[in-house]
Amino acid sequence: MNFNEIKVTPEVIQAHGLSPEEYEKIKTLLGREPNITELGIFSVMWSEHCSYKSSRYWLKNLPTQGSRVLIGPGENAGVIDIGEGLAVVMKIESHNHPSFVEPYQGAATGVGGILRDIFTMGARPIAVLNSLRFGDLKNPKTRYLLGGVVAGIAGYGNPFGVPTVGGEVYFEPCYNGNPLVNVMAVGLLRQDRVQRGRAEGIGNPVIIVGSPTGRDGIHGAAFASRELSEKSLEDRPSVQIGDPFTEKKLLEACLELYESGYLVGIQDMGAAGLTCSTSEMAARAGTGIRIYLDQVPLRESGMTPYEIMLSESQERMLMVVKKGYENKAREIFEKWDLKFAVIGEVTGVEAPHQQPLLQVYLNGQIVAEIPISSLTSEAPLYQRPFVKPDYLKETANLDLEKILLPANPEEVFLTLLGSDNIRSKRPIYQQYDHTILANTILRPEEGDAAVLRIRRVGNRMEEEGVEERGDGKLKREKAIALTTDGNGRYCYLNPRRGVQIAVAEAARNLVCVGAEPIAITDGLNFGSPEQPEVMWQFVETIEGLKTACTTLGIPITGGNVSFYNETNGKAIYPTPIIGMLGLVEDVRYITGQSFKDPGDLIVLLGENKGEIGGSEYLKIIHQRVLGEGPSLDLQREKALQQACLKAIRSGLIKSAHDTSQGGLAICLAESCLTGRGREKNPYLPGISVELTDSLRWDFLLFGEDQTRIVVSLSSSNLEKLQEIAYSFQVPITILGKVTDSGIFQINDWIRLPISKLREVWTRKQ
Amino acid sequence: MKFGVVVFPGSNCDQDTYQALQQVTGQQVEYIWHKETKLGNYDGIILPGGFSYGDYLRAGAIARFSKIMPSIINFARSGGLVLGICNGFQILLESGLLPGTMMKNRTLQFICKDVYVKIEQNTTPFTLDYEKNQVITLPIAHSEGNYYTDPKTLEELEINGQIIFRYVSPEGKVEEEWNPNGSLHNIAGIANKEGNVVGLMPHPERNVDSLIGDGMGARVFSSMVNWYRRKG
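Here the structure is a predicted model, which means the values were calculated and not measured.

Helix and strand content of chain B: five helices and eleven strands. A compact globule built from 232 residues would reach a C-alpha radius of gyration of about 17 Å, and chain B, at 16 Å, matches this within 12%. Seen through its C-alpha atoms, chain B measures out along the principal axes to roughly 45 × 40 × 35 Å. Split into buried and exposed, the 232 residues of chain B put 66% on the buried side. The long-range share in chain B, meaning contacts at least 24 apart out of those at least 6 apart in sequence, stands at 75%. Element-wise, carbon and sulfur atoms account for 48% of the exposed surface of chain B, whose accessible area totals about 8500 Å². Separation of charge centres in chain B, based on 21 positive and 24 negative side chains, amounts to 6 Å.

Below, the structure is given as structure tokens:
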């Protein structure tokens, strides 16, 4: 039986995740019933994952313009001007559902997919960060997922040859059935090498390169657009298999092709594979595409048009080259032992609709014919209803009187220092190659953000063109800083404020290393948008994000929305993750987070308020998730960041570290424990700190008040720092001194040897 | 002096090595494609780190069969300088230019961190510029660096002074605690008997300037140039 003779019944439609109304719309757009292949194509292109049908209406409110933004949302990744003819490409993506079902391959292919987005744009990937959320670590399943995800990220990024330089991981029970795996990738390129995902030029050949197409990952996009359940584990065939070796070759071949000038447009094949790449490339150029499936290199025989169009086999690219240069392009890919096949051509306006079409042929027979616009711009768009969730009435009700004062400050401090969300993440990042490319100036746990040197770029070193000195370095050595941040618990308690804190903290982290924040990529992870309470969280998040970006003056250059993060009807905390890029104009002023020299002053920029709502302290010590998270005044935040950056760029500061999870006490401890080569001298440093605020000691030590940075400096620079602080109206307080005693001392509350802190902070669990 | 950096499919430290050589030595550096069969006119060959051919079978196991390898083996046998870093070391072992083999790290995980390495011999062409017994910091990044060989070969390596780099404490003590991967006798790098072929797991090319580290890896490359000059 011809595959396309399979009948499209209501059950088949439902199994494709399409509503009856959506099916009616398909019939109207086509002017007839779709066949099964066409139904498959519509179902993936109209899935939440590909169409953003529940979020598009809101996303357009986000600020995406800025003087440094060369390409904003809409292409495969954002492109940001960093001066001297160079640009940074960056994007964050989620691979949450696949990572729950098959953690190693789910995470690995997540890395592979976002890396392709970066080199599709013409850039060489130079860094990866990952933002992970798992359930309770006491749960054995969490350990299995954590181990698999970390090994998967390492197993792809390490062979590919990109350093994994940063990220975060948090454990909360709400992620027990739905972990989050968000990967941010960053690339570097010359501005005149930017590539586009556009199928320009009628008659130009359409080409598929990379791995052959197999049956893996069919319907991954639709799978990502559903809630998880016990049955999801049966979806394991929906998870793709990664091959970093092929991707590495594909990268090198693509970069060679970009130098040749034969290329017209290129797009990677990620979600919805051939379907999505053909229709999006055509849509951007206003053209049509005709492809012949018998020309597609296949991994196995007997694949149906439906399977070929929907396969999510990894390490493939779709490209359009100038007609007549197919063989020149072929030579490059064959040099790297990669498949190269001309599978069709760019078309113009076609009958019967007199509009650009996606036309799919197999053995001379047409098997699908769909107007491009019906797959892209005419995809459904929903303004879903939203309502404030009831749980907020309970969580907002934090009675501070009822929080009993613990007996022993040292005990509380050590418990927090050794807790899952606070202790050292070395066991994780040690599995990631974070030094390859030899540009990593600040590594994980060395600074509040990762810092990478920017040096010559391009396909190979022989390349010319970027302004260089005689010794091959850029005229002015510069660096970029990268971070990801997001506290799901704050967002659960107050989504609007929570996302603002994420933006503020990401920017603060960049400032602490000496970078000016210049661009954001956002990964928005939520439950089902069909639940009005979840939709309310989403709408509040967008509003908060808009305000924070506008006030701090940092544009969003692209990102990702992941809905349906729930299991058996229970949604995760709303978890927006902010990936941020900063620019260090002068590498002399890069600042780590660790204390340096005995005798240095420890100074707080900002003020202590003792806010414990949503804190680790409240959760770990008092088992409560209450309050609204700490308060945030964006104007004060901006002033603090400007003051700190100015002080760093004036060369006044030796270390800078912002207070976040665990509050001031944990911040001070981290500045003692981190730093390269610390194990060489186990006695250094100690601190002697006297806090004079009239607050309860537990609130003062562990409150997660925003807008605070702890810096250390030589006492001879204090006056200059004070001047800067006054000029920005930022409160400044001397907390104490760095010592060589090896003792961590705060008032008469805590007096412990640093070696004890290190033991607790690095203890294996 | 002219350096060649071999590029296998899956090499990923080739460009770092190329840049380090240029930056440190100022000498001519070229890439050598793995499909070449004849080796050009080089004075030193580097097999860089990476995952040649994906390392899906065993690190370096496929690369030894690549088209370029016979001429590199000839080059080494006739006294040419060959340095293998990380995956390059693994390829040197697989191709028999150096004795022994690599097993998975004892943790069974990839490890990326700084290690302390002692320069056991400063008479090789790759370590001339170091002090004997000097302790330096270098990054490692590998999952198969657990060096193993039979007791007889190990004894020979020790007696002949073929162990060039060893994992040690910051004070230079050879202790198990400072061995990141479980390698025999804390071996981080070895030479052949003649001393013209050296392989090591740590990445000197990732520590050649003071912005990234303390720059102490640079001397591996400057030593090669100095040795070449002395030889005249």
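This part is about the overall build of chain A. Secondary structure assignment for chain A yields 26 helices and 29 strands. Whereas a compact globule of 765 residues would reach a radius of gyration of roughly 27 Å, chain A reaches 26 Å, a difference of no more than 12%. Taken over the C-alpha atoms alone, chain A extends approximately 85 × 65 × 40 Å along its principal axes. Burial analysis of chain A (765 residues in total) assigns 66% to the buried set. For chain A, restricting intrachain contacts to residue pairs at least 6 apart in sequence, the fraction spanning at least 24 positions comes to 84%. For chain A, the accessible area works out to roughly 25800 Å², and carbon and sulfur atoms hold 48% of it. Of the charged side chains in chain A, 80 are positive and 94 negative, and the gap between their average positions amounts to 3 Å.

Before going further, it helps to spend a moment on the nonpolar core. Counting 129 residues, the largest nonpolar core has Leu 132, Met 319 and Phe 333 of chain A together with Phe 8, Ile 45, Leu 83 and Ile 190 of chain B as the members making the most contacts within it. Not counting the four nearest positions on each side in its chain, Phe 8 of chain B is found in contact with His 34, Leu 47, Ser 52, Tyr 53, Ala 63, Ser 66, Ile 68, Met 69 and Ile 91 of chain B. Counting residues in each nonpolar core, the second largest holds 47 residues, with Trp 46, Leu 274, Cys 276 and Ala 341 of chain A among its members.

Turning to the pattern of salt bridges, a few remarks are in order. Residue and element names in this part refer to chain A. Evaluation of the coordinates by the stated rule reveals 54 salt bridges over all chains. Here Asp 420 and Arg 423 are joined by a salt bridge, their closest N and O atoms 2.6 Å apart. Owing to a relative accessible area of 10%, Arg 423 belongs among the buried residues under this scheme. Connected via shared salt-bridge partners are Glu 172, Arg 489, Glu 616 and Lys 619.

It is worth spelling out the packing of helix H3 (residues 36–45) of chain A against helix H11 (residues 273–285) of chain A at this point. Residues and elements named next belong to chain A. The interhelical angle for the contact between H3 and H11, taken along N-to-C directions, is 75 degrees, at an axis separation of 10 Å. Of the possible angle classes, the one that applies to H3 and H11 is roughly perpendicular. Residues Ile 41, Val 44 and Met 45 of H3 form the contact with H11, whose own contacting residues are Thr 275, Cys 276, Ser 279 and Glu 280. Looking at the contact of H3 with H11 residue by residue, the class counts come to four nonpolar, two polar and one charged.

Let us look at the packing of aromatic side chains. Residue and element names in this part refer to chain A. Counting across every chain of the model gives 23 aromatic pairs over all chains. When the centroid spacing of 6.2 Å and the interplanar angle of 25 degrees are considered together, the rings of Phe 134 and Phe 171 count as stacked. Of this pair, Phe 134 sits in strand S4 (residues 124–134) while Phe 171 sits in strand S5 (residues 164–171), and the two are 37 residues apart along the sequence. Phe 171 carries the same exposure label as Phe 134, and that label is buried. Considering the side-chain rings of Tyr 617 and Phe 702, the 5.6 Å spacing of their centres and the 15 degrees angle between planes classify their relative orientation as stacked. In this pair, Tyr 617 is assigned in helix H21 (residues 616–620) and Phe 702 in helix H24 (residues 697–702), connecting sequence segments 85 residues apart. Residue Tyr 617 is classed as buried on the basis of its relative accessible area, which comes to 0%.

Its identity as a non-glycine residue notwithstanding, Glu 445 of chain A has a phi of 65 degrees, on the positive side. With a phi angle near 65 degrees, Leu 108 of chain B is a residue other than glycine that sits in the positive phi range. With respect to the secondary-structure elements, Leu 108 of chain B resides in the loop between strand S5 (101–103) and strand S6 (111–119).

Here the focus is the interface of chain B and chain A. Taken together, the 37 residues of chain B in the interface contact 43 residues of chain A. Both faces considered, chain B and chain A share a buried interface measuring about 3300 Å² in area, 53% of it formed by carbon and sulfur atoms. Area buried by chain B at its contact with chain A is led by Cys 112, Leu 211 and Ile 212 of chain B, which between them contribute 19% of it. In this assembly, chain B and chain A are joined by 13 residue pairs in polar contact (both at pLDDT 80 or more). Looking at the side of chain B that touches chain A, the elements with two or more residues in it are helix H1 (14–25), strand S2 (28–33), S6 and strand S7 (135–142) of chain B.

Our focus in this paragraph is the sheet that holds strand S25 (residues 686–689) of chain A. Residues and elements named next belong to chain A. Ordered by their spatial adjacency, seven strands build an open sheet running S24-S26-S23-S27-S25-S28-S29, and the pairing between neighbours is mixed. Of all strands in the sheet, those bounded by a partner on one side alone are strand S24 (655–658) and strand S29 (750–753). Averaged over all adjacent pairs, the angle separating strand axes in this sheet is 20 degrees, with direction ignored. Pairing analysis gives five bridges linking strand S23 (residues 601–605) to strand S27 (residues 732–739), with the strands arranged antiparallel. Looking at S27, one finds that Leu 601 is bridged to Lys 737. Against the sheet, helix H19 (residues 495–513) engages S24 and strand S26 (709–713), with an angle of about 170 degrees to S24. Contacts between helix H23 (residues 663–673) and the sheet are confined to S23, S24, S25, S26, S27 and strand S28 (743–746), with S28 contributing the most and set at about 155 degrees to the helix.

Turning our eyes to something else, we now look at the sheet that holds strand S22 (residues 575–584) of chain A. Residue and element names in this part refer to chain A. Taken in spatial order, the six strands line up as S15-S16-S17-S22-S18-S19 in an open sheet, and their pairing is mixed. Pairing within the sheet leaves two strands with one partner each, and these edge strands are strand S15 (440–442) and strand S19 (556–562). Each strand axis lies, on average, 25 degrees off the axis of its neighbour in the sheet, ignoring direction. In the sheet, strand S17 (residues 478–485) pairs with S22 via seven bridges, with the strands oriented antiparallel.

This part covers the confidence of the model for chain A. In the predicted model, chain A carries a mean pLDDT of 92, and 93% of its residues have values of at least 70. Scored below 50 in pLDDT, residues 457–474 of chain A makes 52 contacts in the model with residues more than four places away or belonging to other chains.

Before going further, it helps to spend a moment on the packing of helix H10 (residues 244–260) of chain A against helix H13 (residues 326–335) of chain A. A pair of packed helices can be characterised by two numbers: the angle between their axes and the separation between those axes. Residues and elements named next belong to chain A. Their axes nearest at 9 Å, the elements H10 and H13 cross at an angle of 155 degrees. Comparing the axis directions of H10 and H13 gives the class roughly antiparallel. Between H10 and H13 lies a crossing whose hand is right-handed. Only Ala 329, Ile 332, Phe 333 and Lys 335 of H13 make contact with H10, whose side of the interface consists of Leu 250, Ala 253, Cys 254, Glu 256, Leu 257 and Ser 260. A per-class count over the contact of H10 with H13 returns seven nonpolar, one polar and two charged.

As a further point, take helix H8 (residues 140–160) of chain A. The terminal C-alpha atoms of H8 of chain A lie 30 Å apart, and with 21 residues this matches the ideal 30 Å at 1.5 Å per residue to within 8%. Gly 161 of chain A, located one to two residues past H8 of chain A, shows a positive phi value of around 95 degrees.

Another point: H19 of chain A. All names here are of chain A. The end-to-end C-alpha distance of H19, which contains 19 residues, comes to 28 Å, matching closely the 27 Å that a straight helix rising 1.5 Å per residue would cover. Across the 19 residues that make up H19, a large majority, 17, are buried. One or two steps after H19, the chain reaches Gly 514, where phi turns positive at roughly 100 degrees.

All names here are of chain A. Mapped onto the elements, Gln 641 comes out in helix H22 (residues 634–649). Overall, Gln 641 belongs to the buried group, its relative accessible area being 7%. Excluding residues within four positions of it along the chain, Gln 641 makes contact with Ala 504, Ala 507, Arg 508, Val 511 and Pro 517.

In this section: the state of the cysteines. Residues and elements named next belong to chain A. The full count for this structure, using the stated rule, is zero disulfides over all chains. For Cys 276, which is in no disulfide, the shortest distance to another cysteine sulfur is to Cys 50 and amounts to 4.4 Å. For Cys 276, a relative accessible area of 8% puts it in the buried group. Note on Cys 512: no disulfide assigned, nearest cysteine sulfur contributed by Cys 644 at a separation of 4.9 Å.

This part takes up the pairing of S2 of chain B. All names here are of chain B. Strand direction decides the pairing type here: strand S1 (residues 2–7) and S2, joined by six bridges, are parallel. Residue pairing across strands places Gly 4 opposite Glu 30, the latter belonging to S2. In this fold, the crossover linking S1 to S2 by way of H1 has right-handed handedness.

With respect to the helices, strands and loops of the structure, Ser 373 of chain A is situated in helix H14 (residues 372–375). When its relative accessible area of 19% is taken as the criterion, Ser 373 of chain A is described as buried.

Cut-off values and rules
- Residues numbered from 1 in each chain as written.
- Chains lettered and ligands numbered in written order.
- Predicted model: local features only at pLDDT ≥ 70, side-chain atom pairs only at ≥ 80, totals over all residues.
- Heavy atoms only, no water.
- Helix = DSSP H or I, 4+ residues; strand = E, 2+ residues; numbered from the N terminus.
- Rg over C-alpha atoms; globule rule 2.2 N^0.38 Å.
- Buried < 20%, exposed > 50% of the residue type's maximum accessible area, 1.4 Å probe, protein only.
- Contact = heavy atoms within 4.5 Å.
- Areas by Shrake-Rupley, 256 points an atom, 1.4 Å probe, with all protein chains shown as cover.
- Lys, Arg positive; Asp, Glu negative; His and termini not counted.
- Charge placed at Lys NZ, Arg CZ, Asp CG, Glu CD.
- Core = buried A, V, L, I, M, F, W, Y, C linked by side-chain atoms within 4.5 Å.
- Salt bridge = Lys/Arg side-chain N within 4 Å of Asp/Glu carboxyl O.
- Axes fitted to C-alpha atoms, helices over the stretch in contact; angles between N-to-C directions.
- Parallel < 35°, antiparallel > 145°, perpendicular 65-115°, else oblique.
- Nonpolar A, V, L, I, M, F, W, Y, C, P; charged D, E, K, R; others polar.
- Phe/Tyr/Trp six-rings, centres within 6.5 Å; stacked < 30°, edge-to-face > 60°.
- Buried area = accessible area lost by both parts, 1.4 Å probe.
- Polar contact = N/O pair within 3.5 Å; in protein donor to acceptor, adjacent residues only side chain to side chain.
- Pairing = 2+ DSSP bridges.
- pLDDT = per-residue confidence, 0-100.
- Left-handed = near helix turned anticlockwise from the far one by under 90°.
- Expected span 1.5 Å × (residues − 1).
- Disulfide = S-S within 2.5 Å.
- Right-handed = clockwise from strand over helix to strand, strands pointing away.

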